[in-house]
Amino acid sequence: MRNAFVLTLAASLAGYCQAPSRTTPAPNRPPLQPNAFHQLPLTSVLPKGWLLEQLRIQAKGLSGHLDEFWPDLGPTSGWLGGTGESWERGPYFLDGLVPLAYLTQDARLIAKVKRWMDWTLDHQQPSGWIGPVKNEDWWPNYVMLKALTQYQEATGDARVIPLMQKYYAFQLKHLDERPLKEWAILRWHDGVLSVLWLYNRTGDRSLLDLARKLHGQGHDWEAQFANFLYRDKVTRADAHLATHGVNNAMGLKAAPVWWLLTGQKQNRDGFYRMFEMLDRYHGQPAGIFAADEHYAGRDPSQGTELCAVVEAMFSLEVNLAILGDPMLGDRLERISYNALPATLSADLWAHQYDQQANQVLCTLATRRWVSNGPAANIFGLEPNFGCCTANMHQGWPKLAANLWMATPDGGLAAVAYGPSEVSTLLAGGTAVRIEEQTDYPFRETVSLAVRPERQVKFPLVLRIPAWADGASVAVNGQAMSGVQPGRFFRVEREWRSGDKVEIRFPMPVRTSTWFNNSIAVERGPLVYSLKIGESWHKIRQIGPAADWEIYPTTPWNFAITFDGKTPAGQFQVRERPLGSQPFSPEGAPVEILARGRRLPSWQIVDDSAGPLPSSPVPPPARNLQPEQELTLIPYGSAKLRVTAFPYMVPVAAPAAAK
Ligand SMILES: [Zn+2]
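Residues numbered from 1 in each chain as written. Predicted model: local features only at pLDDT ≥ 70, side-chain atom pairs only at ≥ 80, totals over all residues. Heavy atoms only, no water.

1. With respect to the overall build of the protein
A tally of helices and strands in the protein yields 18 helices and 26 strands. Computed over its C-alpha atoms, the radius of gyration of the protein comes to 25 Å, within 12% of the 26 Å expected for a compact globule of 658 residues. When its C-alpha atoms are laid out on the principal axes, the protein stretches across 85 × 60 × 50 Å. Looking at the 658 residues of the protein, the share that counts as buried comes to 62%. Long-range pairs, those at least 24 residues apart, make up 73% of the contacts in the protein between residues at least 6 apart in sequence. A total accessible area of about 23,300 Å² is found for the protein, and carbon and sulfur atoms account for 52% of it. In the protein, the 64 positive side-chain charges and the 63 negative ones have mean positions that sit 3 Å from each other. (Helix = DSSP H or I, 4+ residues; strand = E, 2+ residues; numbered from the N terminus. Rg over C-alpha atoms; globule rule 2.2 N^0.38 Å. Buried < 20%, exposed > 50% of the residue type's maximum accessible area, 1.4 Å probe, protein only. Contact = heavy atoms within 4.5 Å. Areas by Shrake-Rupley, 256 points an atom, 1.4 Å probe, with all protein chains shown as cover. Lys, Arg positive; Asp, Glu negative; His and termini not counted. Charge placed at Lys NZ, Arg CZ, Asp CG, Glu CD.)

Right, dumping it as structure tokens:
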């Protein structure tokens, strides 16, 4: 458990720390539908191992210092009472800074959080309005309320709930005469989320009226996907707020959140329809759809915005709790362990706006984006536009906070895997702590040490990924039967302190099929990309941050050798030590060795990898390039990469070479 003595001691030492108000989740109150799993209050799950290290790098990087030099988060911010930026950037920053600060228990970051939170909490207007006076948009308040709910869970600050009650009373009263506009229409569900959070704590039924009103004024995502019109890259002329990538990533939670109020099966189905359409028409190997800035199709030279990555992660975390579908855990890991680190520099001081699955050159240049500018794929402080600069911080911390959830019948569920520790009070009031030791997603084994304060019976529910054929679970050395991929596996027994659960997810190399019948090489939850030599050129220094171009120093235009059938025997796995930054080319903890041949005709066009040759690529009649060994590393480690590979079936050597 979160040891009460340690908490009290920490609180008295730190002065500004308040003990969490609860260590158990707040289940949905009727008439809301019950969640499949309950998200645990912030700080119930703490990151460990390589994941904690990732958060620490964040704290030492942009996330921990941005407000010290970036004017939009500086002392003139409207969210600190100044006359500066008064829209979404302050709240976006806090939505990530709050979980980062409390999960790393970093006093410096907690002090920063306090300063921002205090201003909002101490400056609510008599009417109930919150935030900068000059903001009249409901949208940034949705984000601030998400940050406030997390802050309340971590600290128990008694000011949060009364502020929310007063604010929502104001919103309910004024929403008809002052309806949602623009972004607030498309993102209504992110507003409803905090309304329901409060309802579950107070039971005030007027909050359900407010939730319905927000839905009524909001965009109908389910209708958009019931008859999905955008099956190709949209043109700039056709682009609008409903084709916008970040809106869609946020919109992934719309139907499940609405189902909580309706209980209608069609809402659950509506989510799956949206998910499937985005995959089918815009899907990319790292698990996220392409949208640069709008739907961009399946070509791996199109891009995906970092905001869309972190918002899709957050939507999947919410949906996993509501729907309890293990597939959502698979997808959450796929995006988190591939698309997220891929678009951040190893020191977490620079990020991209758009990432590409086939990303062979990151330079200031006009590319075939739907509407993004020349800086969209460089690494820097605010390439293309500063929204991601403010919003990127939530990615790792919220993933860590959602690795474990509570089951409605008083147990715990591992819904996604990563080194962590969960502490909570079970339904009967017994404190339990589980330590999860693992180097997942790089390694196959997960070890759980179960530590209840006294002997107690509860279900331990383990997600078995769909790719994990032959997965095994053993409790105190005894193998369990009935473990099935793509399902939750339940171990219900009387647990004693020191019980050990050993899980193994076999990770043979797999392939998946993408644009123009290209293949991606996968192992476990990771997608692998060609390792390309990277030369980083600093374009300019901006305070402690900098903008960078990356040029390739080794060739990238290969067709991989593959028989089109089974990957067994065609790829070799080489494990390397797991260091402090696995998401860098030199720190990649796993390499996959493949064979391939140069395709001289595949060249850069418009500063991206040119049209992807259709696979299988026929061996050329003349000038067949020699086969050579290719090294693949995790997608997230490769800042230049080819991921969707053309492939060529094995070709017999033309003559016996001596
Ligand atoms: Zn963004």
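From this point, the discussion proceeds with the structure in view.
2. Digging into the coordination of the zinc ion
Six octahedral donors at a metal ideally form angles of 90 or 180 degrees, and four tetrahedral donors ideally form angles of 109.5 degrees. The protein atoms donating to the zinc ion are Glu305 (OE), Cys307 (SG), Cys387 (SG) and Cys388 (SG), with metal-donor distances spanning 2.1 to 2.3 Å. One way to put it: the four donor atoms around the zinc ion meet at angles of 93 to 123 degrees, and that makes the site tetrahedral. For the zinc ion, all donor residues lie on one chain, and their spacing in sequence is E-x1-C-x79-C-C. In this pair, Cys307 sits in helix α15 (residues 306-323) while Cys388 sits in helix α17 (residues 387-391), placing the two residues 81 residues apart along the sequence. The residues Cys307 and Cys388 share a single accessibility class, namely buried. (Donors = N, O, S within 2.8 Å, 3.2 Å for Na, K, Ca; no water. Tetrahedral: all angles 85-135°; square planar, octahedral: opposite > 155°, others 65-115°.)

3. Some details on helix α13 (residues 254-262)
Among the nine residues in α13, eight count as buried, and that is most of the element. Those residues of α13 that fall on the buried side of the exposure criterion are Ala254, Ala255, Pro256, Val257, Trp258, Trp259, Leu260 and Leu261. Elements in contact with the buried residues of α13: α9 (188-202), α10 (206-217), α11 (221-226), α12 (245-251), α14 (265-282) and α15. Note on α13: the residue one or two positions beyond its end, Gly263, has a positive phi of about 70 degrees.

4. Topic: the nonpolar core
Core analysis: the biggest nonpolar cluster contains 216 residues, and Trp396, Trp404, Leu462, Val501, Phe505 and Ile560 have the highest contact counts within it. At 14 residues, α15 tops the list of elements feeding residues into this core. Those residues within four positions of Trp404 in sequence are excluded, and the remaining contacts are Leu40, Val45, Leu412, Ala413, Ala414, Ser420, Val422, Ile434, Glu436, Leu448 and Leu460. (Core = buried A, V, L, I, M, F, W, Y, C linked by side-chain atoms within 4.5 Å.)

5. Considerations on the sheet that holds strand β10 (residues 456-464)
Here we have five strands laid out as an open sheet, ordered β1-β5-β6-β10-β13, and mixed in their pairing. If you trace the sheet from one side to the other, it starts and ends with β1 (38-39) and β13 (487-495), each paired once. Note: strand β5 (residues 404-406) against strand β6 (residues 412-414), three bridges, orientation antiparallel. Note that in β6 the partner of Met405 across the bridge is Ala413. Sheet strands in contact with helix α16 (residues 326-342) are β10 and β13, and its direction is about 60 degrees off that of β10. (Pairing = 2+ DSSP bridges. Axes fitted to C-alpha atoms, helices over the stretch in contact; angles between N-to-C directions.)

6. With respect to unusual backbone geometry
Residue Glu293 is reached from Asp292 by a cis peptide bond, and omega for that bond is 20 degrees. Relative to the helices and strands, Glu293 resides in the loop between α14 and β3 (303-305). In this structure, Glu182 is a non-glycine residue whose phi angle is positive, near 40 degrees. Given the relative accessible area of 52%, Glu182 is considered exposed. Positive phi, close to 65 degrees, is recorded for Asn623, a residue that is not glycine. With respect to the helices and strands, Asn623 occurs in the loop between β24 (608-609) and β25 (628-634). Note on Asn623: relative accessible area 60%, which makes it exposed.

7. Comments concerning the packing of α14 against α16
Where α14 meets α16, the closest approach of the two axes is 13 Å, and the angle between their N-to-C directions is 35 degrees. At the point where α14 passes α16, the crossing takes the left-handed sense. Here Phe271, Tyr272, Phe275 and Asp279 of α14 come into contact with α16, specifically with Met327, Leu328 and Arg331. In terms of residue class, the contact of α14 with α16 is made up of five nonpolar, no polar and two charged. (Left-handed = near helix turned anticlockwise from the far one by under 90°. Nonpolar A, V, L, I, M, F, W, Y, C, P; charged D, E, K, R; others polar.)

8. As for α16
In this model α16 runs 24 Å from its N-terminal to its C-terminal C-alpha over 17 residues, within 8% of the 24 Å that 1.5 Å per residue would give. At Ser336, α16 is bent by approximately 25 degrees, the largest bend along its length. Here α16 lies mainly inside the structure; 16 of its 17 residues are buried. (Expected span 1.5 Å × (residues − 1). Bend = angle between axes of the 7 residues up to and from the residue.)

9. A few points about the packing of aromatic side chains
Inspection of every chain in the model, using the stated rule, returns 38 aromatic pairs. Judged by centre distance (5.7 Å) and plane angle (40 degrees), the ring pair of Tyr230 and Tyr295 falls under tilted. With Tyr230 in the loop between α11 and α12 and Tyr295 in the loop between α14 and β3, this residue pair connects regions lying 65 residues apart in the sequence. Taken individually, Tyr230 and Tyr295 each receive the classification buried, so the pair is uniform in this respect. Judged by centre distance (5.5 Å) and plane angle (80 degrees), the rings of Phe562 and Tyr647 are edge-to-face. In this pair, Phe562 is assigned in the loop between β20 (558-561) and β21 (572-575) and Tyr647 in strand β26 (residues 647-648), connecting sequence segments 85 residues apart. Judged by its relative accessible area of 8%, Tyr647 falls in the buried class. Following the ring pairs from residue to residue traces out a cluster consisting of Trp50, Tyr337, Trp396, Tyr417, Tyr440, Phe442, Trp467, Phe505 and Phe583. (Phe/Tyr/Trp six-rings, centres within 6.5 Å; stacked < 30°, edge-to-face > 60°.)

10. Comments concerning the side chain of Asn35
By the element assignment, Asn35 lies in the loop between α1 (4-14) and β1. Here the side chain of Asn35 touches Asn28 through a polar contact of 3.0 Å, side chain to side chain. In terms of polar contacts, Asn35 uses its side chain to reach the backbone carbonyl oxygen of Phe37, at 3.2 Å. (Polar contact = N/O pair within 3.5 Å; in protein donor to acceptor, adjacent residues only side chain to side chain.)

11. Details of the sheet that holds strand β11 (residues 472-475)
Spatially, the seven strands line up as an open sheet ordered β2-β7-β8-β9-β14-β11-β12, and their pairing is antiparallel. At either end of the open sheet lies a strand with only one pairing partner, and these are β2 (45-47) and β12 (478-479). Examined bridge by bridge, strand β9 (residues 445-452) and strand β14 (residues 499-504) share six bridges and lie antiparallel to one another. Opposite Thr445, over in β14, you have Arg504 as the bridge partner.

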